[in-house]
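Structure at a glance
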Amino acid sequence: MSEGDSVASSSGLSDESRSTVDPPGPEAITYRHDPSLVPALAGLADAACEEADDLVTASLRIRQIAEESEASFDLSALQVLTTTFTYHLATRPFMSAQPGASLVPLDGPSTFPMALRDADSDVRALWLSLYSAVTHPVVKARCADIVFSLRLANARDAAEEAVRAYLDSIGSSLSVTEQGTGLLRAWELARSVNLSSMMQQVKTVMLDMAESLLNDGEEGHIFINLLDALSAPQRKKNAQPVDPRVDDLLDRALLGYPGTLVVGQIAALVRRRAAATDDDARARHASEVEVKAYLSDADKAVDALVIRAHLNDAASLARRLNVPELESLAISRLQSAPPVKWQTIVTEGKIPNAYIRGYLRPYRRVDTWRKALHVWFNSEAPSGTLASNEAVARSVLTRSVFTRLATTVVFGPGDLPRRVLSEDDAAFEHELVRAETWGINFHGILLADALDIIKERFGIPCFRDLEEFIVASGTHPASARALAKGLILYWVSEFDACVHLVVPKVEASVRALLLELNEPVYKTQVGDGVGQFPGLGALLPYLMENGFDPDWERFLRTFLLGDGMGVRNLVAHGFMDTVSREKAALALRAYSLLVLITSHEHAERDAGLVKAGLANPLGVPSRPWWRRIGRALRAARNELLR
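Conventions and cut-offs
Residues numbered from 1 in each chain as written. Predicted model: local features only at pLDDT ≥ 70, side-chain atom pairs only at ≥ 80, totals over all residues. Heavy atoms only, no water. Phe/Tyr/Trp six-rings, centres within 6.5 Å; stacked < 30°, edge-to-face > 60°. Helix = DSSP H or I, 4+ residues; strand = E, 2+ residues; numbered from the N terminus. Buried < 20%, exposed > 50% of the residue type's maximum accessible area, 1.4 Å probe, protein only. Contact = heavy atoms within 4.5 Å. Expected span 1.5 Å × (residues − 1). Polar contact = N/O pair within 3.5 Å; in protein donor to acceptor, adjacent residues only side chain to side chain. Salt bridge = Lys/Arg side-chain N within 4 Å of Asp/Glu carboxyl O. Axes fitted to C-alpha atoms, helices over the stretch in contact; angles between N-to-C directions. Parallel < 35°, antiparallel > 145°, perpendicular 65-115°, else oblique. Left-handed = near helix turned anticlockwise from the far one by under 90°. Nonpolar A, V, L, I, M, F, W, Y, C, P; charged D, E, K, R; others polar.

Further remarks concern the packing of aromatic side chains. The full count for this structure, using the stated rule, is 10 aromatic pairs. Here Tyr87 and Trp127 contribute two aromatic rings whose centre-to-centre distance is 6.1 Å and whose plane-to-plane angle is 80°, an arrangement assigned as edge-to-face. With Tyr87 in the loop between helix H5 (75-84) and strand E1 (88-91) and Trp127 in helix H6 (residues 121-133), the pair connects residues that are 40 residues apart, well separated along the chain. Residue Trp127 is classed as buried on the basis of its relative accessible area, which comes to 1%. Taken together, the aromatic side chains of Trp369, Trp376, Phe377 and Phe469 make up a single cluster linked through ring pairs.

A word on H5. Counting buried positions along H5 yields 10 of 10 residues, so the element is predominantly enclosed. Those residues of H5 that fall on the buried side of the exposure criterion are Leu75, Ser76, Ala77, Leu78, Gln79, Val80, Leu81, Thr82, Thr83 and Thr84.

Okay, the environment of Ala101 next. Mapped onto the elements, Ala101 comes out in strand E2 (residues 101-104). Among the residues examined, Ala101 registers a relative accessible area of 0% and is labelled buried. Measuring from C-alpha to C-alpha, the distance between Ala101 and Glu188 comes to 6.7 Å, with 87 residues separating the pair along the chain. Dropping the residues within four chain positions of it, Ala101 is found in contact with Leu89, Ala90, Thr91, Arg92, Thr181, Leu184, Arg185 and Glu188.

Helix length check: helix H15 (residues 304-320) (17 residues) gives 24 Å between terminal C-alpha atoms against 24 Å at 1.5 Å per residue, within 8%. When we look at burial in H15, the residues that qualify are Ala304, Ile307, Arg308, His310, Leu311, Asn312, Ala314, Ala315, Leu317 and Ala318. With a side-chain oxygen lying 2.9 Å from the backbone nitrogen of Leu305, the N-terminal cap of H15 falls on Asp303. Just beyond H15, the residue with positive phi is Asn322, at close to 60°.

Bringing the pattern of salt bridges into the picture now. Under the criterion given, the structure shown has 30 salt bridges. When the shortest N-O distance is used, the salt bridge between Arg282 and Asp247 registers 3.3 Å. Residue Arg282 is found in helix H14 (residues 280-300), and its partner Asp247 is found in helix H12 (residues 244-256); the two are separated by 35 residues along the sequence. When sorted by exposure, Arg282 lands in the same class as Asp247, which is buried. For the salt bridge of Asp449 with Arg581, the shortest nitrogen-to-oxygen distance reads 2.6 Å. With Asp449 in helix H21 (residues 424-458) and Arg581 in helix H28 (residues 581-595), the pair connects residues that are 132 residues apart, well separated along the chain. For Arg581, a relative accessible area of 21% translates into the label partly exposed.

Leave glycine aside and you will find that most residues have negative phi; peptide bonds, for their part, are mostly trans. Across the junction of Gly108 and Pro109, the peptide omega takes the value 0°, indicating a cis bond. Within the element layout of this structure, Pro109 appears in the loop between E2 and H6. For Asn322, which is not a glycine, the phi torsion comes out positive at approximately 60°. Here Asn322 is to be found in the loop between H15 and helix H16 (324-335). Take Asn322: its relative accessible area is 57%, and that puts it in the exposed class.

Here the focus is the packing of H15 against H16. Geometry of a packed helix pair, given as the angle between the helix axes and the separation of the axes. It is at 8 Å that the axes of H15 and H16 come closest, and there the two elements cross at 155°. The angle between H15 and H16 places the two elements in the roughly antiparallel class. Read as a crossing pair, H15 and H16 show a hand that is left-handed. Every residue of H16 that contacts H15 at Arg308, Leu311, Asn312, Ala314, Ala315, Ala318 and Arg319 is listed here: Leu326, Glu327, Ala330, Ile331, Arg333 and Leu334. Of the residues assigned to the contact of H15 with H16, the class counts are eight nonpolar, one polar and four charged.

In structure tokens:
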């Protein structure tokens, strides 16, 4: 049942009004201004504000009072009066250039309540009439504010009337939040029309309220909004000295209010005031208190994950605020924090047996280990195609409400927080990496099974024969030797040694390819720095610029680098204590891809041949005709875009 229906059925409405709203329609709520209705409506508005905690409560009481009244009220007039109380004061963002509060919605589009400027002339006439007729300070402030906002009368007079009414509302039945927001609005109105005499009065009341809130330890957000306005830098034209009570209240509040959010905002205000007075010691003290608030939250927390989150926030904040001793303390406590008890969510998915049998069938049918390895060296990117993984990531972000609402924290080695995902692009990249990681882990099993089948059927090849077989592809003997050694280590179950041998050489192979292309990737000496080649993460974009297959680039990036599985970093920093056969097989696959497209000597190939190998790293013969055409078109497009 609509509000119009409920009001129309009440005993306080005239028979004429009832007949116009059965059934209700747009014409039934169209108000036509009648000055004779204003006194009764003003009295109704005043009565609704008595003992009301907020304006929404006053709006709801209008109907109740109308029902209990012996007088009859026009439905459309009641509707406008009810709507008048549904506008609200919106506080300016924290530490904005011009703090205060505004009456909204002022401009459309707005379904309910309608935007103030969308009101027709009859509704505006009623607001202007109520402005002079109401007596309760709460409704007086609202009507005067509307008259000022719409410029229905002299703006300065309306602003002064609204400021006075907001001040008279202090100490009323309104909640502290409503009173404090009203003061912020009065502050903005007084400044907007330069009511210098009233600005000092508003400032005094704001300081008194802030001190009262601080003494009681309540409503920290209202305290912050008041002090934000009082401590904000002022324009030079109308600048007034900041009251000394402001700094005193801020310094007291820094130690008086609990909670990292409130303390952080108060500390920001203190630092702003300290910067204005060149008081570095005061600013540093505020930063220390803010960081210690996070450390205190970590002391109070029980859950290991929550403890680590607070300590990580403390360390990050200390670094940003340049408090190195507290940063070191937070990091040391983070490293020794209680271990996290991770919980795994298990989901079931069925992979068709036909796919697995089809993948492994060539290894069971070939008659030599050379042919089997040839098939293995020509297998597709373990991460799958970039296009399909991007589609999966978009689907997850679109369909999952949880991913939209929850904060995602990525943890690294030692259960240490590594990254907080807060942007849409970061969330998409995270889901893309998750999709690729699933494909990599699954195909890692298949790649390992294939190598095991080769060993089972043909035994472990002689190292010399294996090396000569790889060299025959045209690769550099040193790379062939390392790949052959890695395969032997895998087959003798030395997975750890296998990964530690081949993973560092992936970066070397990428660097060798870029040198063949004469890409300027070397970082020359600057000052006291030394000349050096950048890491793998900086080298891969250069390969992409030269037409490298994006499916394989994503595999190398996700499998090896820190934003994905991070195998390269784990190996380099000694975090990979145990290596599975799947990880070893994937490392060999990553290295073998690059080994087989790296030439024996740089001078033997020109840049065009290298780019052809990058665009088609598996070789043309092993691909179906439709894929060869697609790869050729992609390579041609990349070449034209250079």
